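For reference, the chains in residue letters:
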Amino acid sequence: RKEVEQDPGPFNVPEGATVAFNCTYSNSASQSFFWYRQDCRKEPKLLMSVYSSGNEDGRFTAQLNRASQYISLLIRDSKLSDSATYLCVVPRGSARQLTFGSGTQLTVLP
Amino acid sequence: GAVVSQHPSWVICKSGTSVKIECRSLDFQATTMFWYRQFPKQSLMLMATSNEGSKATYEQGVEKDKFLINHASLTLSTLTVTSAHPEDSSFYICSASSGSGTGELFFGEGSRLTVL
């Protein structure tokens, strides 16, 4: 099993749609989780951390299910500017070394 | 906020030459920096962990003699791709942590290497 596995994508959705991405991780001892977004040919940028109780930041909601070792990202009211690749990220231990999922590509269509 | 800068942002070189990529933390000291590589349509893969004043720690399968890492100061780490070949063409990205507070990681803008 891969350390971090994501929905294969790509997702093509109309503006205003709600879209959800899923991610599973293999290390049950992992303590922190992140979603990053990466635009084409750019560096990844932190979108949001994922907290145990779930958290929301505007149109974005992240959920964590430790029992199933599963993380999700929900985007509501999609905007054209949300088009990017979304990366599920799990740090390895406490060394700040990140393991990235393969990413899910989102295209929001006008 | 903290910024990490990479240079050059893109480079084209001939096969067999060596290329040096710099990663600088601009407004904080970074004891540790990380080097990643991303091939087209793939995710970022950690190559090595660069420690200031000591040897880098390489991930399994990454040749330390081919990818030379030097972290001589708290604000600069360099990655040298020696005797580059076309298969080394990739997007190389560094990251650094201020190590304070939440220890947020900051990424450089990336360096796109094309080996002809």
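First things first, this report covers the structure right here in the doc. (Residues numbered from 1 in each chain as written. Chains lettered and ligands numbered in written order. Predicted model: local features only at pLDDT ≥ 70, side-chain atom pairs only at ≥ 80, totals over all residues. Heavy atoms only, no water.)

1. Here's the deal with the state of the cysteines
- Per the counting criterion, the structure on display carries 2 disulfides over all chains.
- The disulfide partner of Cys 23 of chain B is Cys 94 of chain B, and the S-S distance across this bridge is 2.0 Å. Here the S-S torsion is close to 80 degrees, and the disulfide linking Cys 23 of chain B with Cys 94 of chain B is therefore right-handed. Separated by 71 residues along the polypeptide, Cys 23 of chain B in strand 3 (residues 19-25) and Cys 94 of chain B in strand 9 (residues 90-97) bring together distant segments of the chain. Neither residue differs from the other here; Cys 23 of chain B and Cys 94 of chain B are each classed as buried.
- Residue Cys 40 of chain A stays outside any disulfide, its sulfur separated by 20 Å from that of Cys 94 of chain B, the closest cysteine.
- Given the relative accessible area of 67%, Cys 40 of chain A is considered exposed.
- Left without a disulfide partner, Cys 13 of chain B is nearest to the cysteine sulfur of Cys 94 of chain B, which lies 19 Å away. (Disulfide = S-S within 2.5 Å. Helix = DSSP H or I, 4+ residues; strand = E, 2+ residues; numbered from the N terminus. Buried < 20%, exposed > 50% of the residue type's maximum accessible area, 1.4 Å probe, protein only.)

2. Examining the nonpolar core
- In terms of nonpolar packing, the biggest core is built from 25 residues, with Val 4, Trp 35, Phe 67, Tyr 92 and Leu 113 of chain B touching the most fellow members.
- Grouped together as the second largest cluster of nonpolar side chains are 23 residues, Val 4, Phe 33, Phe 60 and Leu 64 of chain A included. (Core = buried A, V, L, I, M, F, W, Y, C linked by side-chain atoms within 4.5 Å.)

3. Side note on the side chain of Thr 80 of chain B
- Here Thr 80 of chain B shows up in strand 8 (residues 76-81).
- Apart from residues lying up to four places away in sequence, Thr 80 of chain B is in contact with Ser 18, Val 19, Lys 20, Lys 66, Phe 67 and Leu 68 of chain B. (Contact = heavy atoms within 4.5 Å.)

4. A closer look at the interface of chain A and chain B
- Each partner contributes to the interface: chain A provides 16 residues, whereas chain B provides 19 residues.
- Surface buried jointly by chain A and chain B totals about 1400 Å² across both partners, of which 52% is contributed by carbon and sulfur atoms.
- By the criterion of area lost to chain B, the three top residues of chain A are Glu 43, Arg 96 and Phe 100 of chain A, representing 37% of everything that side buries.
- As a salt-bridge pair, Arg 92 of chain A and Glu 59 of chain B come within 2.9 Å of each other at their nearest N and O atoms.
- For the pair chain A and chain B, the interface holds 5 residue pairs in polar contact (both at pLDDT 80 or more). (Buried area = accessible area lost by both parts, 1.4 Å probe. Salt bridge = Lys/Arg side-chain N within 4 Å of Asp/Glu carboxyl O. Polar contact = N/O pair within 3.5 Å; in protein donor to acceptor, adjacent residues only side chain to side chain.)

Limitation: the analysis is restricted to geometry and does not speak to function.
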